[in-house]
Amino acid sequence: MRLPAKLILIICGMGLITTIVAPIVVYVAVSGTLKSTISANQQATASTTLGKIDRFISERMDELGNVGRAQQFTALLASPDGTNPQLVETDLHSVAQLAQDWNNLTLLDLHGKAVAVTTESDRNKTLATLESSFAGLYNRALTGQTVYSDVLRSNEDGPTLAIMTPITDRTGQPVGVLVGEINWSAVLSILHEQGNATTLLLNHSGLEIGSNQADTQNRILTADRHASPIFQQASHGGTGTIEAANPDNPEVATLASYTSEIGSRSYKGNGWHLLLLQPTSIAFAPAKNLALALLAGLLVASLVVCLIMFWVAHRLITLPIRRLSTAIQNISLGNLAERLEVTSHDELGQLATTFNTVTTQLAATTVNLQQEKSRLESSINSLPLGFMLTDAAGDIITLNPIMNTLLNLKNKPPKFTKGKHQTANIAFLQQLLDHCQTTLAKRQAFHIPEQSYDNRIFRLFFSPVIQNDTAIGVAVLVEDITEAKLLDRSKDEFFSIASHELRTPLTAIRGNTSMIQQYYGEKLKDQDLKELVGDIHESSLRLITIVNDFLDASRLEQGKMKLTLEQFDLKPVIESVIYELGALSHEKKIYIRTDNTLGTLPLVYADKNRVKQIIYNLTGNAMRFTEKGGITIKPEVQGDQLKVYVTDTGDGMSPENQQLLFHKFQQASDNILTRDTTRGTGLGLYICRLLLDNMNGKIKLESSEVGKGTTFSFTLPLNPPKSIKAPQAPKS
């Protein structure tokens, strides 16, 4: 679609939006004003109507109280035999006929028996035969109060509200109660005064007790409105207006105003609520009519404005933009020499000037990027390792020739995507891409020392490419270390075989020299010869120890050492090491001890003999470097592990030498003479680390300070792991 057509659509769309939005805004404003007006009127009407009902009941209470103070009622109740009850009943009839708001008037004595009535059917009534709620009202009235009930249903006369006032003698003592039952039609007539809206009078429980509808009598105390949202809102008290569904017809949206009973001077209220309901279709009809009228007028005006705006925009905007679009298309085709003619100094003229400046800079930047790309490709292709670069979606961006060879690619398309690899090593490439996704997710570089595939071994390096704190890709380096691993394996096998072959003659030398010293010691009269035999024996022991270390390291590295894992008490193991090294510590005049917690240690799960070898090795190393003070072995429980500390007061190590610990054939020494002085092979800590790795334990240097001593620690599990893996050499 060309720009002029788009411009027409934009302008027409703006006009259409204006045409639609303006009537909506007017409708919302007008309907909001009408709603406020209607709400205020309905609230005032509801308050006035409920106030009339409150005043009506209050007046009936005052009226009944005045009637109850008549002397003939007191006389009849004080002396039933001496006063003619017919005269009293005549007075009651007169009151009922005069007010026309009473259904029944009944005079009860202190026993609740009817003494005078206006209805003959009530003559034999007693308190027990009246409404059940009358008893409570009757007792309250006897205390001197004029009381009233909520709306009650009478079988003969329909709904009613009972009022009771006390009859007292000259001393103020109650002698009876005058009961008046209000004619409920008088209350309903107040509700029928509201003809413009549905009027509902509800009690505190949500039962309908009156309305201005035709079937009011049938719904009183049977129509339950307690679940209506309108009643739920009104039950909180006060006055207000809400929009909700009509309680009788949920499909009709209703504007409902409510007010809560506030009572009057005498009548304090039963917690009633008055609702005025009017369908929103009627309430908001003026707003809809006004919006339709405005819509028609604004539609015509908007069309005229759209035509004028289009003509102006075409002359002032479309033509310059079309020239700019043509220039941009030429730039996209590679014509970086394209320039625009500046014909004005307005915004479009400034845009043309800026376009020319940007195009010039783009041409220079393109040349620089091409040069940088050439240098980068040359660097990647000259790498001695396989290189691959992926983007954030996992698609391969580039590969160098060595990576093509490693992946056995037949061709090198400009871009590889997952599922379209022309390679014989699709599975291996998929593993690389999976690791790339992991690198992107964690945003951390990592490497895999060994990855076997198709009879070859690779070392892999993965590093995320970060730009503005966002990972945009992954750089991968792959090194084929198959030949190096085969060479290391051959050296290890040669080393193992040579160690085995050395062990046999060394054992023979040790045995023979031991026998010479034991059985022919007295025959060796020449002291030099005797020392030579002793040196041979000590050297054979030293060489056997070295060979044993070589064999242990070789078996652990090849995963051939079998460990006997069991639960055992570490206490006798530590005590055995201390006993065996006791003579040496006595000779060096240093102490070797443990704390007093050995009796409370839990069982550990490990290889008992190998644990002893670890403790012996750590303690022996400490003794070699300790000339004064001594060594302390301290075990303690940490969670589900037992941690053992071996602390000495020896020479200590510098931070540089600490980096050499736990590596093969490495000793922490400041000079070349240390190895001969301490008679070490550099395999002790390395073997300890391999053993603990295979027993689910760890070894570490806790602290070391030159001239103050060193503390090593190792951990052992207290319980067997849930899944026991076969012992194997850790990757280094």
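Only a predicted model underlies this, so the values are computations on that prediction, with no experimental measurement involved.

Across the nine residues that make up strand 5 (residues 174–182), a large majority, eight, are buried. Hairpin geometry of strand 4 (residues 158–168) and strand 5 is characterised by an intervening segment of five residues between the two adjacent antiparallel strands and by a positive phi of about 90 degrees at G172.

Along the chain, the position of S211 falls in strand 7 (residues 208–211). There is a polar contact of 3.3 Å between the side chain of S211 and the backbone nitrogen of Q213. Beyond its immediate stretch of four places on either side in the chain, S211 contacts L188, L191, H192, T199, L200, T216 and R219.

A few words now on the packing of aromatic side chains. The geometry of two aromatic rings is summed up by the distance between their centres and the angle between their planes. The final tally for this structure, using the stated rule, is five aromatic pairs. Measuring from ring centre to ring centre gives 4.8 Å for F428 and F458, while their planes differ by 25 degrees; the resulting arrangement is stacked. Within this pair, whereas F428 is found in helix 12 (residues 426–442), its partner F458 is found in strand 14 (residues 456–467), the two being separated by 30 residues in sequence. We note that F428, like F458, is buried. Put simply, the rings of Y148, W184, Y267 and W272 touch in pairs and so form one group of aromatic residues. Above the face of the Y591 ring, R593 is positioned so that its terminal group lies 4.0 Å from the ring centre.

Residues of the chain with pLDDT of at least 70 account for 84%, and the chain-wide mean is 79. pLDDT under 50 marks residues 670–678. Its contacts with residues more than four places away, or in other chains, come to 12 contacts. Scored below 50 in pLDDT, residues 724–732 makes 20 contacts in the model with residues more than four places away or belonging to other chains.

With that settled, consider the sheet that holds strand 22 (residues 709–717). Taken in spatial order, the five strands of this open sheet run 17-19-20-22-21, and their pairing is mixed. Of all strands in the sheet, those bounded by a partner on one side alone are strand 17 (591–594) and strand 21 (699–705). Within the sheet, the average angular offset between the axes of one strand and its neighbour, ignoring direction, is 15 degrees. Bridging between strand 17 and strand 19 (residues 630–638) involves four bridges; their strand directions are parallel. Counted as the bridge partner of Y591 is G630 from strand 19. Together, strand 21 and strand 22 form the strand contacts of helix 20 (residues 684–694), whose direction differs from that of strand 22 by roughly 25 degrees.

Cut-offs used in this document
- Residues numbered from 1 in each chain as written.
- Predicted model: local features only at pLDDT ≥ 70, side-chain atom pairs only at ≥ 80, totals over all residues.
- Heavy atoms only, no water.
- Buried < 20%, exposed > 50% of the residue type's maximum accessible area, 1.4 Å probe, protein only.
- Helix = DSSP H or I, 4+ residues; strand = E, 2+ residues; numbered from the N terminus.
- Pairing = 2+ DSSP bridges.
- Polar contact = N/O pair within 3.5 Å; in protein donor to acceptor, adjacent residues only side chain to side chain.
- Contact = heavy atoms within 4.5 Å.
- Phe/Tyr/Trp six-rings, centres within 6.5 Å; stacked < 30°, edge-to-face > 60°.
- Lys NZ or Arg CZ within 6 Å of the ring centre and 35° of its normal.
- pLDDT = per-residue confidence, 0-100.
- Axes fitted to C-alpha atoms, helices over the stretch in contact; angles between N-to-C directions.

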